[in-house]
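# Fold and contact review
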Amino acid sequence: MRIAVAKESRQGETRVALVPELVGKLTALGYTVVVEPGAGLGALHADEEYAAAGAEVSEAALDGAVLVVSVAPLDTTRVRSLPAGTATLSFLPVNQSLDLVADLRDCGLTSFAMELVPRISRAQSMDALSSQALVAGYRSAIVAAGLLHRFFPLNMTAAGTVPPAQVVVLGAGVAGLQAIATAKRLGAVVKAYDVRAAAAEEIRSVGAQAIELELESLEGTGGYAREMTEERAARQLDLLAPYIAAADALITTAAVPGRQAPMLVTAAMVEQMSPGSVVVDLAAESGGNVEGSVPGQVVRIGHAQVWGGANVPAQMPGPASRLYAQNIVNLVTLMTRDGAFDPDFDDEIVAGSCVTRDGTVAHEPTRAALGEETA
Ligand code: NAD
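Starting from 1, residues in each chain are numbered consecutively following that chain's sequence as written. Predicted model: local features are reported for residues with pLDDT of at least 70 only, side-chain atom pairs are reported and counted for 80 or more only, and whole-chain, interface and lining totals are derived from all residues. To get the side-chain values, take all heavy atoms of the structure and skip hydrogens and water.

What follows covers the overall build of the chain. When helices and strands are counted, the chain shows 12 helices and 19 strands. Using C-alpha atoms as the atom set, the radius of gyration is obtained and then compared with a globule rule of 2.2 Å times the number of residues to the power 0.38. Here the C-alpha atoms of the chain give a radius of gyration of 22 Å, agreeing with the 21 Å that 2.2 N^0.38 yields for 375 residues. Its C-alpha atoms give the chain principal-axis dimensions of about 65 × 50 × 35 Å. Burial classification: accessible surface area is computed with a 1.4 Å probe over protein chains only, and a residue below 20% of its type maximum counts as buried, one above 50% as exposed, and the rest as partly exposed. For the chain, the residues scored as buried account for 51% of the 375 residues in total. In the chain, the share of contacts with a sequence separation of at least 24, taken over all contacts with a separation of at least 6, comes to 63%. The charge count includes Lys and Arg as positive and Asp and Glu as negative, but it does not include His or the ends of the chains. Just so you know, the charge point we use is NZ for Lys, CZ for Arg, CG for Asp and CD for Glu. A gap of 5 Å separates the mean positions of the 26 positive and 42 negative side-chain charges of the chain. Secondary structure elements are taken from DSSP: a helix is a run of H or I of four residues or more, a strand is a run of E of two residues or more, and numbering for both begins at the N terminus. In what follows, a contact means two residues having at least one pair of non-hydrogen atoms within 4.5 Å.

Pairs of aromatic rings are described using the distance from one ring centre to the other and the angle between the two planes. Any two of the Phe, Tyr and Trp rings considered here, Trp counted by its six-membered ring, make a pair once their centres fall within 6.5 Å; the pair's planes then place it as stacked at under 30 degrees, edge-to-face at over 60, or tilted in between. Applying the stated rule across the entire model yields 2 aromatic pairs. An angle of 35° between the planes, with centres 5.4 Å apart, marks the rings of Phe-91 and Tyr-324 as tilted. Of the two residues, Phe-91 is situated in the loop between strand E5 (87-90) and helix H4 (98-106) and Tyr-324 in helix H10 (residues 317-334); the sequence distance between them amounts to 233 residues. Both residues of the pair, Phe-91 and Tyr-324, belong to the buried class. Either the NZ atom of lysine or the CZ atom of arginine qualifies as a charge over a ring when it sits within 6 Å of the ring centre and within 35 degrees of the ring normal. Lying across the ring of Phe-345, Arg-357 places its NZ or CZ 3.5 Å from the centre.

Time to look at a nonpolar patch on the surface. Within this analysis, patches are made of residues with over 30% relative accessible area and no salt bridge. Like charges are joined at 9 Å or less; nonpolar side chains (Val, Leu, Ile, Met, Phe, Trp, Tyr) at 5 Å or less. Each accessible area value is a Shrake-Rupley result obtained with a 1.4 Å probe; residue values ignore everything except the protein chains displayed when judging cover. Salt bridge, as used here: a side-chain nitrogen of Lys or Arg that lies within 4 Å of a carboxyl oxygen of Asp or Glu. There is a patch of nonpolar side chains on the surface, built from Leu-134, Val-174 and Leu-323 and spanning about 200 Å² of accessible area. Note on placement: Leu-323 falls in helix H10.

The next subject is the layout of surface pockets. One number sums up the size of the second largest pocket: a volume of about 170 Å³. Taken together, the elements giving at least two residues each to the lining of the second largest pocket come down to strand E10 (189-193) and helix H7 (199-205). Looking at the lining of the second largest pocket, the element that brings in the most residues is H7, giving 3 residues. With a 1 Å grid spanning the protein atoms alone, the term cavity applies to any set of points in which a 1.4 Å probe fits but cannot get out, the term pocket to an open set with protein on both sides within 12 Å along at least five of seven lines, and the term lining residue to any residue with an atom within 4 Å of a point. Grid points are joined across faces, edges and corners, and a volume is the space filled by probe spheres set on the points.

Along the polypeptide, Arg-122 turns up in the loop between strand E6 (110-113) and helix H5 (128-147). A residue is classified by how much of its surface remains accessible, and Arg-122, at 45% relative accessible area, is partly exposed. Residues Arg-122 and Ile-349, spaced 227 residues apart in sequence, show a C-alpha to C-alpha distance of 8.6 Å. With near-sequence residues (within four places) excluded, Arg-122 lies in contact with Leu-334, Asp-347, Glu-348 and Ile-349.

To continue, consider helix H8 (residues 230-245). Spanning 16 residues, H8 covers 22 Å between terminal C-alpha atoms, matching the ideal 22 Å at 1.5 Å per step. Bend is the name given here to the angle between axes fitted to two runs of seven residues, the run ending at a residue and the run starting at it. Bending of H8 peaks at approximately 35° at the position of Leu-239, with proline Pro-242 no more than four residues after it. Buried residues in H8 make contact with strand E9 (166-170), E10, strand E12 (249-252) and helix H9 (267-271). How far a helix is expected to stretch is found by multiplying one less than its residue total by 1.5 Å.

Once that is clear, we can look at the state of the cysteines. Disulfide: a pair of cysteine sulfur atoms within 2.5 Å of each other. In the structure shown here, the tally under the stated rule is 0 disulfides. Between Cys-354, a free cysteine, and Cys-107, which holds the nearest cysteine sulfur, the sulfur-to-sulfur gap is 15 Å. For Cys-354, a relative accessible area of 2% gives the class buried.

What follows is about the environment of Ala-159. Of note, Ala-159 is situated in the loop between strand E7 (155-157) and strand E8 (160-162). Judged by relative accessible area, Ala-159 falls into the exposed class, the value being 81%. Note: C-alpha distance between Ala-159 and Gly-171 (12 residues apart in sequence) is 37 Å.

What follows is the structure, given as structure tokens:
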């Protein structure tokens, strides 16, 4: 029973789906782990480390594998080269990958998407959205501190007192709370806002001031936010404007599942920020929380430098891979029964994360998006 660790095919992907440290967890379950040469190099893991940990390293890693693990989905060529019945486990953004999903279906592969792992307590250790958001949130605060040409902490010195930086964080989910905690540890004064009422307590618990706006909260299902109406969005923009204008660094992390990221800050609001200020938009790739931010670039709006995030967890490939690999190992453990890879499709975590199986699309919304009949 072979598990293959694929070399990533996505441009710029530095992460790897399994780190040498965790190879032993899979061999202990009875698997042979075979790694494609160079798969871990982006995360600074050499082939020799995998070999020393008990894995094989082979160009033919995917041949005969029951399961192929990766961070980004396999490309079409590789999908078409796998025999029916092979399973794949990776991120798989179904909405943006309909052609690939059709290929996975037509090739008879059993594919699982890390994004679709249900966010229930039993699945927390398998939740790669959370583990990677944690890395992105930390990185966003470090980027803001690095771009800002001033101290984050208060400094009282013989040469005078330097006041601390004022940081505002919008969106206090997993990434936002980590950004807040990191900026606080660096000594900044942090204020944060989230549309979910429960977030205010969480913001305070990591040492920041919760911005309270006179607006209804927007709790959706599963602890997520709901989309705003246009009227509420306009009110929120107005009420947030003075906080943005007073910030030295603004970090935005807001998202609504299945939708484009909400636009929370207009270019006109950024133009009110003082010279030297910094904006870090973690949502740049999914539409952007800040008008004018560009993924993977720093642009200037007014006096501010605006940094747009692009695959931010891959900017810290070591810890991001370690956490992702642990999520993968936990899922594989769940899918192993009586010493064999045998996912139980009656389990809600297995069923919820399955995209294709036995030549059909198992994920209802994707089936509808592909124009197939839904149950
Ligand atoms: P997310 O990435 O979907 O969104 C990030 C944050 O943006 C959320 O907190 C959301 O409320 C906020 N947001 C959305 N629209 C906004 C707006 N217009 N203005 C300001 N903020 C806005 O969310 P996430 O970080 O993945 O998690 C959100 C919630 O789910 C959290 O409460 C988290 O604790 C919970 N969660 C639970 C589990 C679990 O039980 N397994 C796992 C992960 C997250």
